[in-house]
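Working through the structure, step by step
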Amino acid sequence: MNLFIYNNSPVWSQNMACSIKGWFEKEARFGGTFSTKLEFLKETEWYSEERINQYQITKLKEIIDYSYQNVEYYKELFDSIKLNPNDIKSLEDLQYIPVLDKESVRNNFEKLKNPNYKGDIKLCHTSGSTGKSLQFYLTKSAIQFRWAVWYRHRARFGVSINDKYATFTGLPAIPLNQKQGPFYRENWPMKQTIFTMHHLGDEKIPSIVKRLNRGDLVYYSGYPSILYALALAIEKLGLKISHFPKVIFTGAETLYDFQKSKIMEVFGSLVTDQYGFSEGAGNASKCEFDLYHEDFEYGVLERGSANGLQSDFSGEIIATGFSNLAMPLIRYKVGDIGTWTTEVCPCGRKSKTLKLINGRNEDFVITPEGNKILRFDYIFKNTKNIVESQIVQNKLGEIVFRIIKREGYNKKEEIHLIQEIKAKISPSINVIFEYPDFIERTNTGKFKAVISNIKKNS
């Protein structure tokens with residue numbers, strides 16, 4: 001449905017539109033072999049260390065040989081470094097393959113596509129926390145495998161695909177200018193109630209709490225920053241959650257201890273999270289003892305360069321995916337930092353463990369409407385001529401886009417970004433563009449996608 005028509009439709013019609021989209025999403029995620037994959041994963045998560053190693057080596061050999069035979073990029077790469085797929089005999093041998101970064105994916109997009117894959121594929125987009133637009137293909141099977149991995153994680157905490165749940169998202173499912181409740185939308189096929197970060201103003205919180213207290217939502221899922229902002233608002237207004245969810249799952253951002261404790265305090269629930277990324281080349285999910293376990297069936301997560309980090313167990317996350325035959329990613333540098341651990345987890349699972357996923361700690365922008373916006377990644381999804389971008393707020397009512405341009409960047413890109421901001425963030429905020437040669441990092445070398453120079457009590 002056209003965004004203008006959607007925003008000007010009655011709530012029941014918006015619920016219907018969300019549900020029609022949800023019907024297609026449900027089929028894409030949970031159709032086909034999803035159930036078979038989930039049952040397989042519930043068995044393999046208890047594999048011994050030896051069986052895990054054997055499984056990964058077998059899958060690694062398969063994906064490398066397949067990629068060499070079918071994908072031009074890997075054929076040229078392996079030949080140029082005189083590496084035969086048969087030379088890869090262990091996980092340690094991955095080090096002989098050069099790392100694939102995001103810029104290389106952009107520059108070699110056509111060469112990374114598999115022309116011989118004949119199944120259903122989907123063109124996907126991601127921008128990551130840096131505002132860099134990235135396109136890639138995923139197979140239908142790979143999408144279902146990823147959701148099976150995610151629902152295995154949820155099953156550890158007693159929920160299933162049939163449970164009703166709340167989602168807290170950055171996408172504008174509710175019109176930005178809506179002043180009266182309800183401040184949520186229903187996606188009936190997915191059993192999902194949608195809440196957005198754009199509608200967490202004090203005057204809207206009572207309506208949200210009333211919906212949460214209806215008692216039919218078994219669990220919550222969403223960005224930790226949004227759940228944290230909601231928890232603070234509920235506490236500030238002296239409201240109470242009377243029907244606690246069984247568990248809260250967070251993702252897409254780092255879950256910080258201060259966020260976790262406040263969310264648990266206000267919502268009376270266990271909080272857990274998993275680490276994944278849109279490109280679908282790897283994943284790690286927390287267990288009952290709060291450690292991330294590599295989802296070894298989905299891919300290999302390597303610890304790359306430490307880049308000056310103090311911990312001997314920290315490094316860049318490099319992923320090799322097993323399931324996506326349409327556009328395999330081998331030794332893909334995700335852009336995040338992980339901290340591995342050698343401790344034996346008491347849960348009994350033997351896959352490699354991480355104790356921290358570092359990064360993604362962002363400021364927020366305050367809109368003229370009083371909303372706090374913490375993520376802008378979806379604004380950049382359809383841009384192709386931006387190397388990197390950062391959002392800076394120096395004063396209320398205004399934001400600055402600091403953009404590193406590609407050669408093809410022009411005025412149309414500015415117009416598109418302004419339209420996206422007006423439609424999805426705020427219709428009245430002023431947007432200024434700056435084009436520096438370089439975007440500075442923090443003292444620890446981290447990129448901040450959003451910087452606020454406004455005092456938080458303003």
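Scroll up to find the structure.
Below you will find a few notes about this structure. (Residues numbered from 1 in each chain as written. Predicted model: local features only at pLDDT ≥ 70, side-chain atom pairs only at ≥ 80, totals over all residues. Heavy atoms only, no water.)

What about helix H12 (residues 411–424)?
- For H12, spanning 14 residues, the distance from its first C-alpha to its last is 20 Å, which sits close to the expected 20 Å at 1.5 Å a residue.
- Here H12 has its buried residues at Glu-413, Glu-414, Leu-417, Glu-420 and Ile-421. Relative to the axis of H12, the buried residues are bounded by an arc of 125° and lie together on one face. Of the exposed residues in H12, those oriented more than 90 degrees away from the buried face are Lys-411, Lys-412 and Gln-419.
- The distance from a side-chain oxygen at the start of H12 to the backbone nitrogen of Lys-412 is 2.9 Å, and the residue carrying that oxygen is Asn-410. (Helix = DSSP H or I, 4+ residues; strand = E, 2+ residues; numbered from the N terminus. Expected span 1.5 Å × (residues − 1). Buried < 20%, exposed > 50% of the residue type's maximum accessible area, 1.4 Å probe, protein only. Arc of directions from axis to C-beta. Polar contact = N/O pair within 3.5 Å; in protein donor to acceptor, adjacent residues only side chain to side chain.)

Quick look at the sheet that holds strand S19 (residues 430–434)
- In space, the four strands of this open sheet follow the order S19-S18-S17-S20, with mixed pairing throughout. In this open sheet, the two edge strands, each paired with only one partner strand, are S19 and strand S20 (450–452). Pairwise comparison of adjacent strand axes, ignoring direction, gives a mean angle of 25° for this sheet.
- The pairing of strand S18 (residues 398–405) with S19 spans five bridges and is parallel. Across the sheet, residue Arg-402 finds its bridge partner in S19, namely Glu-434.
- Against the sheet, H12 makes contact with strand S17 (386–393), S18 and S19, and its axis sits at roughly 145° relative to S19, the strand it touches most. (Pairing = 2+ DSSP bridges. Axes fitted to C-alpha atoms, helices over the stretch in contact; angles between N-to-C directions. Contact = heavy atoms within 4.5 Å.)

With respect to the packing of aromatic side chains
- Within this structure, the stated rule accounts for 25 aromatic pairs.
- With a centroid separation of 5.1 Å and 15° between ring planes, the pair formed by Phe-168 and Phe-195 is classed as stacked. One end of the pair, Phe-168, is in strand S3 (residues 165–169); the other, Phe-195, is in strand S5 (residues 192–196), and 27 residues separate them in sequence.
- Residue classification places Phe-168 among the buried positions, given a relative accessible area of 2%.
- Consider the rings of Phe-168 and Tyr-220, whose centres lie 5.5 Å apart with planes at 65°: the pair is edge-to-face. Of the two residues, Phe-168 sits in strand S3 while Tyr-220 sits in strand S6 (residues 219–222), which places them 52 residues apart along the sequence.
- One aromatic cluster is present, built from ring pairs that chain together Phe-30, Phe-34, Trp-147, Trp-150 and Tyr-151.
- Lying over the aromatic face of Tyr-47, Arg-51 brings its terminal NZ or CZ to 3.8 Å of the ring centre.
- Above the face of the Tyr-165 ring, Arg-154 is positioned so that its terminal group lies 5.8 Å from the ring centre. (Phe/Tyr/Trp six-rings, centres within 6.5 Å; stacked < 30°, edge-to-face > 60°. Lys NZ or Arg CZ within 6 Å of the ring centre and 35° of its normal.)

Considerations on a nonpolar patch on the surface
- Among the surface-exposed residues, Trp-12, Met-16, Ile-20, Trp-23, Phe-24 and Trp-188 lie close enough to one another that they form a single nonpolar patch of about 770 Å² accessible area.
- With respect to the element layout, Met-16 can be found in helix H2 (residues 11–30). (Patch = residues over 30% accessible without salt bridge, like charges linked within 9 Å, V, L, I, M, F, W, Y side chains within 5 Å. Areas by Shrake-Rupley, 256 points an atom, 1.4 Å probe, with all protein chains shown as cover. Salt bridge = Lys/Arg side-chain N within 4 Å of Asp/Glu carboxyl O.)

Describing the environment of Pro-368
- As for its position among the elements, Pro-368 is in the loop between strand S15 (365–366) and strand S16 (372–373).
- When near neighbours in sequence (up to four residues on either side) are disregarded, Pro-368 contacts Gly-397, Ser-426, Ser-428 and Ile-429.

What to know about the side chain of Arg-211
- Looking at the element boundaries, Arg-211 is found in helix H9 (residues 205–212).
- Residue class for Arg-211 comes out buried when judged on its relative accessible area of 3%.
- A distance of 3.1 Å separates polar atoms of two side chains, one belonging to Arg-211 and the other to Thr-193.
- Among all residues touching Arg-211, those that are not within four sequence positions of it are Tyr-184, Glu-186, Thr-193, Phe-195, Asp-216 and Leu-217.

Quick look at the state of the cysteines
- Applying the stated criterion across every chain, the model contains zero disulfides.
- No disulfide involves Cys-347; its sulfur sits 3.4 Å from that of Cys-345, the nearest cysteine.
- In this structure Cys-347 comes out as buried when scored by relative accessible area, which is 13%. (Disulfide = S-S within 2.5 Å.)

Examining the pairing of strand S9 (residues 283–286)
- Neither face of S9 is exposed, since Asn-283 and Ser-285 on one face and Ala-284 and Lys-286 on the opposite face are all buried.
- Counted between consecutive antiparallel strands, the loop separating strand S8 (residues 270–276) from S9 contains six residues, among which Gly-280 sits at a positive phi close to 70°.
- The loop that links S9 with its antiparallel partner strand S10 (residues 292–294) comprises five residues; one of these, Asp-290, has a positive phi angle of about 70°.

Points about unusual backbone geometry
- At the junction of Gly-181 and Pro-182, the peptide bond is cis and its omega measures out at 10° in the coordinates.
- Tracing the backbone shows Pro-182 in the loop between S3 and strand S4 (185–187).
- The backbone of Lys-82 shows a phi angle near 55°, a positive value even though the residue is not glycine.
- Mapped onto the fold, Lys-82 is located in the loop between helix H5 (72–80) and helix H6 (102–107).
- Phi angles above zero are rare outside glycine, and Arg-331 is one such case at about 55°.
- Residue placement: Arg-331 occurs in the loop between strand S12 (314–321) and strand S13 (332–341).
- Residue class for Arg-331 comes out buried when judged on its relative accessible area of 9%.

Considerations on the nonpolar core
- Judged by nonpolar contacts, the single largest core of 62 residues is most densely connected at Ile-64, Tyr-74 and Ile-97.
- In contact with Ile-64, other than residues within four places in its own chain, are Phe-78, Pro-85, Ile-88, Leu-94, Ile-97 and Ile-330.
- One finds Met-197, Tyr-220, Val-271 and Ile-373 within the second-largest nonpolar core, a separate group that totals 47 residues. (Core = buried A, V, L, I, M, F, W, Y, C linked by side-chain atoms within 4.5 Å.)

Describing the pattern of salt bridges
- Summed over the entire model, instances satisfying the criterion amount to 28 salt bridges.
- A salt bridge links Glu-103 to Arg-106, with the shortest nitrogen-to-oxygen separation between them at 2.9 Å. Pair noted here: Glu-103 and Arg-106 are both in helix H6, with a separation of three residues, about one helical turn.
- Given a relative accessible area of 27%, Glu-103 falls into the partly exposed group.
- Ionic pairing is found between Glu-288 and Arg-349, a salt bridge with its closest N-O pair at 2.9 Å.

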